[in-house]
Amino acid sequence: MDDEDRITKFKQAGRIISEVREESRKFIKEGMLFSAVAEKIENLIREKGASPGFPACLSANEIAAHYSPGKNDQSCIPEGALLKVDIGAHVDGYVADTAYTIAFNDEHKQLAEASAAALNAAIEQSYTGNLLSNVSEAIEGTIKDFGFNPISNLTGHGLGHYWLHDAPSVPNVKFTSAYQLKEGHAIAIEPFATTGAGKVKDAESITIFRIDQPKPVRNMEARRIIEFAAGLRGLPFSERWLPVESLFKLKMALRELREREILYEYPALKEISNGLVSQAEHSVIVSDKPIVITK
Ligand code: MN
Ligand code: MN
């Protein structure tokens, strides 16, 4: 495939996920079931002719990332939540990744604004030949100007083919490196701002998985999961999507895959001091004038 096709597919995925994002701003309300929101987003992506690049993530308050409702999840968006909506669509394996934050409590609007402003400042720095560290410095500087902390152990990333977190990682704090941005490279930039210490750790909930190196297994449901994952060619999936009806059999199958070291897991990530967290994300093609494919 020539490079023009790659960029065309990124742009198609970007247009679709941007439409879904704008529609989601209108329908997401406090008190809705997380599962209803996630399914609606994922179905809209499919109706528009793409596929979810990963399960819709709906992380609230001190949960920074990777919370997606699991099978039979009955929990609802809390009253006054600070909600990160992080969604992606792919066309033939080219994923457009975007996120925004809804502040249901007006007191959190500045925190939501801080990550959005940091994203804009970062995009301005995303031109061919610029130092990647200048992108990170713009993010950290903007968030600190708002009086908040960037999250230092969450980063943006390159966007590969059927590979969501490709090199380079795009840190949210300044660092020392001579790495220069390359023309045509697709990167996801995702600043996180917090009222807390500025770090995340694993939380309990794990509902997002990936399998890229399958091995033979005995358990029938585990085999079914491997087959399902093969169709996604290494992209992440939700336990909600798996063709296993019984929750008990699902947990047993996942345990076998985990023990056989076949399963890559994405635990939900929470801020270490339980600070509130906001996020904003766009996918960008590096160019003399950066192309935001999720605008
Ligand atoms: Mn994302
Ligand atoms: Mn991302």
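Residues numbered from 1 in each chain as written. Chains lettered and ligands numbered in written order. Predicted model: local features only at pLDDT ≥ 70, side-chain atom pairs only at ≥ 80, totals over all residues. Heavy atoms only, no water.

*Asks:* What exactly am I supposed to notice about the sheet that holds strand 11 (residues 200-210) here?
*Replies:* Think of a sheet as strands paired side by side through backbone hydrogen bonds, with each pair either parallel or antiparallel. Across the sheet, four strands lie side by side as 3-13-11-12; this open sheet has antiparallel pairing. Every other strand in the sheet has two partners, leaving strand 3 (63-65) and strand 12 (237-238) as the edge strands with one partner each. Across two bridges, the pairing between strand 11 and strand 12 is antiparallel. Within strand 12, the residue paired with Ile 208 across the bridge is Ser 238. (Pairing = 2+ DSSP bridges. Helix = DSSP H or I, 4+ residues; strand = E, 2+ residues; numbered from the N terminus.)

*Asks:* Help me out: how do you make sense of the side chain of Gln 279 in this one?
*Replies:* The topology assignment puts Gln 279 in strand 14 (residues 277-279). Of note is the side chain of Gln 279, whose polar atom sits 3.0 Å from the side chain of Asp 86. Sequence-distant contacts of Gln 279, that is, excluding residues within four places in its chain, are made with Lys 84, Asp 86, Ala 99, Tyr 100, Thr 101, Ser 115, Glu 190, Pro 191 and Phe 192. (Polar contact = N/O pair within 3.5 Å; in protein donor to acceptor, adjacent residues only side chain to side chain. Contact = heavy atoms within 4.5 Å.)

*Asks:* Teacher, can you tell me more about the side chain of Thr 98 here?
*Replies:* Among the structural elements, Thr 98 can be located in strand 5 (residues 94-103). Looking at Thr 98, its side chain comes within polar contact range of the main-chain oxygen of Glu 281, at 2.8 Å. In contact with Thr 98, other than residues within four places in its own chain, are Ile 17, Arg 21, Val 85, Asp 86, Ile 87, Glu 281, His 282 and Thr 294.

*Asks:* Teacher, can you tell me more about the layout of surface pockets here?
*Replies:* Reported here for the largest pocket is a volume of approximately 300 Å³. Lining the largest pocket are 23 residues, with His 66, Asp 86, His 157, His 165 and Glu 190 positioned closest to its centre. Elements supplying a minimum of two residues to the lining of the largest pocket: strand 7 (155-158), strand 8 (166-171) and strand 13 (264-271). Counting residues per element, the lining of the largest pocket draws most heavily on strand 7, at three residues. Here the lining of the largest pocket is built from residues that sort into eleven nonpolar, seven polar and five charged. (1 Å grid on protein atoms, 1.4 Å probe; cavity = no way out; pocket = protein on both sides within 12 Å on 5 of 7 lines; lining within 4 Å. Points joined across faces, edges and corners; volume = space filled by probe spheres on them. Nonpolar A, V, L, I, M, F, W, Y, C, P; charged D, E, K, R; others polar.)

*Asks:* Looking at this structure, how should I read the packing of aromatic side chains?
*Replies:* Any two aromatic rings considered together are summarised by their centre-to-centre distance and by the angle between their planes. What the rule picks out here adds up to five aromatic pairs. Here the aromatic rings of Phe 34 and Tyr 67 are separated by 5.2 Å at their centres, their planes lie at 70°, and the arrangement is edge-to-face. With Phe 34 in helix 2 (residues 34-47) and Tyr 67 in the loop between strand 3 and strand 4 (82-91), the pair connects residues that are 33 residues apart, well separated along the chain. Tyr 67 carries the same exposure label as Phe 34, and that label is buried. Aromatic ring contacts, followed pair by pair, group Phe 209, Phe 228 and Phe 237 into a single cluster. Here the guanidinium or amino end of Arg 25 rests over the ring plane of Tyr 100, the centre of that ring lying 4.4 Å away. A cation over an aromatic ring shows up here: Arg 210 above the ring of Tyr 264, its NZ or CZ 4.2 Å from the ring centre. (Phe/Tyr/Trp six-rings, centres within 6.5 Å; stacked < 30°, edge-to-face > 60°. Buried < 20%, exposed > 50% of the residue type's maximum accessible area, 1.4 Å probe, protein only. Lys NZ or Arg CZ within 6 Å of the ring centre and 35° of its normal.)

*Asks:* Honestly, the coordination of the manganese ion (ligand 2) in this entry has me stumped. Any pointers?
*Replies:* For a metal bound by four donors in tetrahedral geometry, the ideal donor-metal-donor angle is 109.5 degrees, whereas six donors in octahedral geometry ideally sit at 90 or 180 degrees. Looking at the manganese ion (ligand 2), the protein donor atoms are Asp 97 (OD), His 157 (NE2), Glu 190 (OE) and Glu 281 (OE), and they sit 2.1 to 2.3 Å from it. If you list the donors of the manganese ion (ligand 2) from N- to C-terminus, the spacing comes out as D-x59-H-x32-E-x90-E. Here the manganese ion (ligand 2) and the manganese ion (ligand 1) are spaced 3.1 Å apart, linked through Asp 97, which binds each one. You can see His 157 sitting in strand 7 and its partner Glu 281 sitting in the loop between strand 14 and strand 15 (282-285), a full 124 residues away along the chain. Residue Glu 281 is classed as buried on the basis of its relative accessible area, which comes to 1%. (Donors = N, O, S within 2.8 Å, 3.2 Å for Na, K, Ca; no water.)

Treat this as a map of the structure, not an account of what it does.
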